[in-house]
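Descriptive structure summary
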Amino acid sequence: MSEIPLHSLGRKGKTRAGYVPLNDDQDTDMPTDVLRAAAARSVNLTVKGKGKQRERYIDADEFDEEATLLGNRDRMLEQVEEGNVGEQSRKLSRHSSGQRPSSIHKTQDKSRSIPFRPVDKLQSKFPPNLVRNQKYNIFTFFPIVIYEQFKFFFNLYFLLVALSQFVPALKIGFIVTYVAPLAFVLCVTMGKEAYDDYKRNLRDREANSQKYLILVPSSDSGPHTRSVPSSSLKVGDLVVLEKNQRVPADMVLLRTSDASGTCFIRTDQLDGETDWKLRVAVTATQKLVDDRELLDLDAEVYADAPIKDIHTFIGTFTIHTPHAHSVDDVPMVQVPTVEPLSAENVLWSNTVLAAGSAVGFIVYTGSETRAVMNTSHPETKVGLLDLEINRLAKILCAVTFALSFGLVALNGFRGQWYIYVFRFLILFSSIIPISLRVNLDMGKTVYAQQIMNDSEIPGTIVRTSTLPEELGRIEYLLSDKTGTLTQNEMEMKKLHMGTMSYGFDSMDEVAHQLASAFGADQVHARSSSIATGAQLAMRGRRDMSSRLRDVVLSLALCHNVTPVTNDDGTLTYQASSPDEVAIVKWTESVGLTLVFRDRTRMELQTPTGARLTYDILDIFPFTSESKRMGIVVRDVHTGEVLFLQKGADVVMARIVQRNDWLEEETGNMAREGLRTLVVARKRLTSQQYATFKTAHHAASIRLDGRGEAMISVVAEHLEHDLELLGLTGVEDKLQDEVKGTLELLRNGGIKIWMLTGDKIETARCIAISTKLVARNQYIHEVAKLKTSDQVRDELEFLQSKLDCCLVIDGESLQLCLNLYKNEFIEITTKLSAVVACRCSPTQKADVARLIRHHTKKRVCCIGDGGNDVSMIQAADVGVGIVGKEGKQASLAADFSVTQFSHLTKLLMWHGRNSYRRSAKLAQFVIHRGLIISIMQAVFSAIFYFAPIALYQGWLMVGYATIYTMAPVFSLVLDRDVNEDLALIYPELYKELTKGRALSFKTFFQWLMISVYQGAAIMIMSLLLFETEFLNIVSISFTALVINELIMVALEITTWHIYMVISEVVTLFFYVISIAFLPEYFDLDFVVSTRFAWKVAVIVAVSALPLYVIKLIRSRVAPAASSKLL
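Counting from 1, residues in each chain are numbered in the order their sequence is written. Thresholds applied to this predicted model are a pLDDT of at least 70 for local features of residues and 80 or more for the giving and counting of side-chain atom pairs; totals over whole chains, interfaces and linings are not thresholded and use all residues. Excluded from the side-chain calculation are hydrogens and water; included are all heavy atoms of the structure.

This part covers a positive patch on the surface. On the surface, Arg 671, Lys 739, Lys 771 and Arg 775 cluster together to form a positively charged patch. Note that Arg 775 resides in the loop between helix H24 (760–769) and strand E30 (779–782). Residue classification places Arg 775 among the exposed residues on the basis of a relative accessible area of 68%. Like-charged residues are merged into a patch within 9 Å and nonpolar side chains (Val, Leu, Ile, Met, Phe, Trp, Tyr) within 5 Å, provided each residue has over 30% relative accessible area and no salt bridge. Per-residue and other accessible areas were derived by the Shrake-Rupley procedure at a 1.4 Å probe size, with only the shown protein chains allowed to occlude residues. Salt bridges are defined by distance alone: a side-chain nitrogen of Lys or Arg within 4 Å of a carboxyl oxygen of Asp or Glu. His residues and chain termini do not enter the charge count, which takes Lys and Arg as positive and Asp and Glu as negative. Working definition for charges: the position is that of NZ of Lys, CZ of Arg, CG of Asp or CD of Glu. A helix here means a DSSP run of H or I that spans at least four residues, while a strand means a run of E at least two residues long, and both kinds are numbered starting from the N terminus. Three exposure classes are used, based on accessible area relative to the maximum for each residue type with a 1.4 Å probe and protein chains only: buried under 20%, partly exposed in between, and exposed over 50%.

So, in structure tokens, the structure goes:
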């Protein structure tokens, strides 16, 4: 139709004024809607002179004329259905009035028309094809890292204290004691960030340097390809792809090695589905003799502005005819051949070519590719424990201010009181210990090593070492389905035929019956070749083997599977649904093998080695609306026409003949977690088929309501009174120990959501088989919601039934979030389980962010594919599984595991320990700083409120490091229960999520302990006052160090060899150091018995009451874990 020479019609008397010239350099700024209309109506685009600047002329009248003549109104009507036509007509009217469309939306419109062999100037307008996952560059590294560190009140406080030491009036002790710890923390953090970013940079460079072949013009007959790195590819390049090569940018498929112009791609990194997708090459370019002819084409590709949706693409492919001559100085409008392009003509970046080779034309690069647009930028994750400690630091700061101000006030604000306030502030700076950051960071490193060295969860990698405590606080787990909960390996498990049922263990019987049936057929065929089909049909009760033959034959014919021979001679099956592959593999295993398939013919090999050939007359593909697929085939030998159909029981029940077993059996299979398909057939006479074909063709050329008309024809002529042949049950194999893991996590108080890109039926089956849904729990399905009233009704129902499991599709989910976001999240977060189907990667991430924001609880996301990366990065804790879908999720995650069941150990054991240990460690380090500050306050209060340091120089340095650090840090090896108990009683995990290990209550308990002990040690030392001030320092400091060692011992639940060593060695070091610090310790006094008994009394007064309280509490109100010991 497009070859009709329209340029001569209605041309007379027209002047130049009717044309709107569009300059080439404005191509890319052309309004999307104008071009969309162009795509819909096969717009005439003129090329003036090859290689020169091109001008396009569009005439509004001719648009309508051409559209009518070409019979293209149906395309327009399709656009009406999509709601685009209003805008198009507005744009077109604007067009005809002579307004320059390039001025409209010039800034934001990113649609493009790209000629073959585009000029460099045009190519340079588009983003470079670079993969960039780095967080920093050489200029932003220092500012961003410094900001990330000092946005914490903790570090900012220390920076101010350290800087104050450079003011002479405020200087107390050594500057190094204030600057060194802060500098150490910053250096460690910066080093870690720099190393992580360097590793990311190496991965980016590896991806960007992958080589690809592009077609280039060549003067001689030599090679016409050139190898370039992925980062050098530009819009308009023609790329040659080989089997198993990753697609480097979004490209239109021009040619494939398959004569039919089709190829298969794997999209697992994009949408998480591992089944292969069929893509179709542009017809005009597939017809060319070889790839080299592409270089001589005078053609261009129009592509709509880049969007996130991977299922939508609007574009056109235009081949320009030789340019026409002008008449009366008026250029003639030419008729190029225009082909519409859709998503099935496009290879998205990050997908993999599964078979053969292909040539593509790049339309989007770098940041405009679908893969990059669906990936969110990672935020720097901060653990809840760090935020809680930051809050406590603010309270401690207030305590420090109050203490300093209080002491100056008690002194009556004498002299330069404001300088005294600052000196007190610096004296009490140990209340907020910088060593806390060092201790916690070192603790996190220990936890990370323990996780990675755990022999029961081999291959686990901690990629973000700042988050191990978060694993102990998880309340929501968001999981992908395919490859995470399931292995994505389908297997046919059951065949039910009403009176007979074959399980997985009785498939040998099926093969035997089938062989006898086909053997009998051959005997019949020899005696009477033509009547076989009729005889079988007329027989009242067919024997079992022939019934079995019918159902297996139907399964072997009714599908969209293509057999492909590999290089090594083996046969593999390709299809867009793994269920279909599983069924065809099963028919092969029982003896009926699919050996050949193209668009018009199919060949099967029977158990006896004979070939059955069938012509494919019609295919009605599976859609999520129809939930069934049908095929009309004709037996080449007998001429018999069969209509075969398989589909979900809900739609097939009304299509098949009446029966009394279908509903019951599908229910039984669904409860086993099997995916059910009902198989049925109908024999058609030649007359019946001819009638159907005529009606179907008439419906297919209708201009309005074409789709509905075709469906109604199929329903009227074919889809009624089908003979029910059987019911299949296919199992999607689960990952190891998934059921037990989910049950454990649920008992641990974790609410589980399954977010998948798969169909509702599939997701429902997996929810049942994984025991995500408890036995007999009501499953509430929500799908295809269109109005706010429907959404409100569903939410009201869920509000009244919070014990059910919600299954919702992506479309309805989006509507709920758009209309009633808060109400929806409020209700669904109370449900025990939620399954969301047909979710896009960004939808998954949005759900994770919403739950985090709304509940303020910790959310963990786990997935294994590139489509899960956004969700993993949006979670508080992201866990990636190294799976069949590659390592993309694993590399983007905070924790990488090899299988889903490892999550139990990671959360219940390592998460528990990390959180409890860090909480204990943090509070103890705060206590260590508080106690010495209280002693300082008591000392200053007694000595006329003078801001003089009680302990100076090396004593302060030693107290924060060698005298207490090892024993306190050994708390990271403590554990309250053993591993078996933590996994047997997941209910213990519920206690952790309440955050009681580190709360304001426990913090104030430690504050009171510090005040009591600090005051007791100082006041007792002064009561046992010796004549010299030096003795007060030695008595109180020794009592303080011994008190801290005893306190550590009281805090330990389970002793570890390193704990004992650290206590003994620290005490040994302290005793030795006394000899080297004569300015603080009088050796003669220290070795006397007076010193020994006074220190013993002081320590007894400070520590003994706490031991008694701990003993009483363990008897009166024991911890939940201690009840199990």
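Picking up after the structure, the text goes on.
Attention now goes to the confidence of the model for the chain. Along the chain, pLDDT gives the predictor's confidence residue by residue, from 0 to 100. A residue-level look at the chain finds 85% of positions with pLDDT of 70 or above and a mean pLDDT of 82. The low-confidence segment residues 1–107, where pLDDT is below 50, has 192 contacts with residues more than four positions distant or belonging to other chains. Predicted confidence is poor over residues 322–327, with pLDDT under 50, and the contacts of this stretch with residues over four places away or in other chains come to nine contacts. Every residue pair with non-hydrogen atoms within 4.5 Å of one another is taken to be in contact.

A few words now on unusual backbone geometry. Although it is not a glycine, Lys 784 sits at a positive phi angle of roughly 55°. Tracing the sequence through the fold places Lys 784 in the loop between E30 and helix H25 (788–800). Lys 784 gets classed as partly exposed once you look at its relative accessible area, which sits at 37%. In this model, Arg 838 sits at a positive phi of 50°, which is unusual for a non-glycine residue. With respect to the helices and strands, the residue Arg 838 is situated in the loop between strand E32 (833–837) and helix H27 (841–855).

Below, the discussion takes up the state of the cysteines. Every disulfide links exactly two cysteines, by a covalent bond between their sulfur atoms. Any two cysteine sulfur atoms within 2.5 Å of one another count as a disulfide. With the rule as written, the count across this model stands at zero disulfides. Free cysteine: Cys 805, not disulfide-bonded; nearest cysteine sulfur from Cys 804 at 7.1 Å. Here Cys 837 is not cross-linked by a disulfide; its sulfur's nearest cysteine counterpart is in Cys 839, at 7.2 Å. For Cys 837, a relative accessible area of 0% gives the class buried.

Two rings belonging to Phe, Tyr or Trp (six-membered ring only in the last case) form a pair when the distance between their centres is within 6.5 Å. Interplanar angles under 30 degrees mark stacking, angles over 60 mark edge-to-face geometry, and anything in between is tilted. Overall, the coordinates contain 27 aromatic pairs when judged by the stated rule. A ring pair is formed by Phe 313 and Trp 348, whose centres lie 6.2 Å apart and whose planes are at 75°; its orientation type is edge-to-face. One end of the pair, Phe 313, is in the loop between strand E10 (299–303) and strand E11 (315–319); the other, Trp 348, is in the loop between strand E13 (346–347) and strand E14 (352–353), and 35 residues separate them in sequence. As far as the burial class goes, Phe 313 and Trp 348 line up, both buried. Cluster of aromatic residues (ring-pair linked, three or more members): Tyr 951, Tyr 959, Tyr 963, Phe 1037, Tyr 1070 and Phe 1081. Whether a charge lies above a ring is judged from NZ of Lys or CZ of Arg, which has to be within 6 Å of the ring centre and within 35 degrees of the ring normal. Lying over the aromatic face of Phe 518, Arg 549 brings its terminal NZ or CZ to 6.0 Å of the ring centre.

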